[in-house]
Amino acid sequence: MNSKVFVVVSVPMIEKEFDLYIPITKKVGTVKDLIIKMVEEQSDFVFLNDGCKSLYDKVTGDRISEEEYVKDSKIKNGSKLILY
């Protein structure tokens, strides 16, 4: 079984998209925090974590629960997500 899935994360606040492989054995909240740190660095800290960011499914608009493990969530290989 593959331990990572490929996702595309859109960040509207800085008008950028990131192609990422995320681990399926971590909770969504942990993965979100790692994505936020990466986006902060990639944007030269124009994008900052205010503690209110969430991940959403770009197709359905549904907020993805941070308590679920990625493997048990709706996040699958090729998912398009929004960090907002």
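Structure's up top.
These numbers come from a predicted model, not from an experiment.

Chemist: Explain the sheet that holds strand E1 (residues 4–11) to me, and be specific about the residues and the numbers.
Modeler: Pairing in this open sheet of four strands is mixed, and the strands run E2-E1-E4-E3 from one edge to the other. Single-partner strands in this sheet number two, and they are strand E2 (16–23) and strand E3 (55–57). Here the strands of the sheet are splayed against their neighbours by 35 degrees on average, with no regard to which way each runs.

Chemist: Go over the nonpolar core with me, naming the residues and quoting the values.
Modeler: Residues Ile 22, Ile 35, Ile 75 and Leu 83 are the most contacted members of the largest nonpolar core, which totals 21 residues. When residues in this core are grouped by element, the largest group, five residues, is from helix H1 (residues 28–42).

Chemist: Tell me what's going on with the pairing of E2, and back it up with residues and numbers.
Modeler: Direction of pairing for E1 relative to E2: antiparallel, over a ladder of eight bridges. Within E2, the position partnered with Phe 6 by the bridge is Tyr 21. Counting the residues between successive antiparallel strands, the hairpin from E1 to E2 contains four residues, one of them, Glu 15, with a positive phi of roughly 55 degrees.

Chemist: I'd like to hear about unusual backbone geometry, residue by residue, with values.
Modeler: The backbone phi angle of Glu 15 is positive, close to 55 degrees, even though this residue is not glycine. Owing to a relative accessible area of 73%, Glu 15 belongs among the exposed residues under this scheme. In this structure, Phe 45 takes a positive phi of about 65 degrees despite not being glycine. Following the sequence through the fold, Phe 45 ends up in the loop between H1 and E3.

Chemist: Before we move on, can you summarise the pattern of salt bridges with the specific residues and values?
Modeler: Counted according to the given criterion, the structure contains seven salt bridges. Between Lys 27 and Glu 67 there is a salt bridge whose closest N-O contact spans 3.8 Å. With Lys 27 in the loop between E2 and H1 and Glu 67 in the loop between E3 and strand E4 (79–83), this pair connects stretches of sequence that are 40 residues apart. Looking at Glu 67, the relative accessible area reads 59%, which means it is exposed. With a shortest N-O distance of 3.6 Å, Lys 74 and Asp 62 are connected by a salt bridge. Of this pair, Lys 74 sits in the loop between E3 and E4 while Asp 62 sits in the loop between E3 and E4, and the two are twelve residues apart along the sequence. Judged by its relative accessible area of 61%, Lys 74 falls in the exposed class. Each member of the salt-bridge network shares a partner with another, and the members are Lys 32, Asp 33, Arg 63 and Glu 66.

Rules of the game
Residues numbered from 1 in each chain as written. Predicted model: local features only at pLDDT ≥ 70, side-chain atom pairs only at ≥ 80, totals over all residues. Heavy atoms only, no water. Pairing = 2+ DSSP bridges. Helix = DSSP H or I, 4+ residues; strand = E, 2+ residues; numbered from the N terminus. Axes fitted to C-alpha atoms, helices over the stretch in contact; angles between N-to-C directions. Core = buried A, V, L, I, M, F, W, Y, C linked by side-chain atoms within 4.5 Å. Buried < 20%, exposed > 50% of the residue type's maximum accessible area, 1.4 Å probe, protein only. Salt bridge = Lys/Arg side-chain N within 4 Å of Asp/Glu carboxyl O.

Fair warning: the whole summary comes from geometry, so function is off the table for now.
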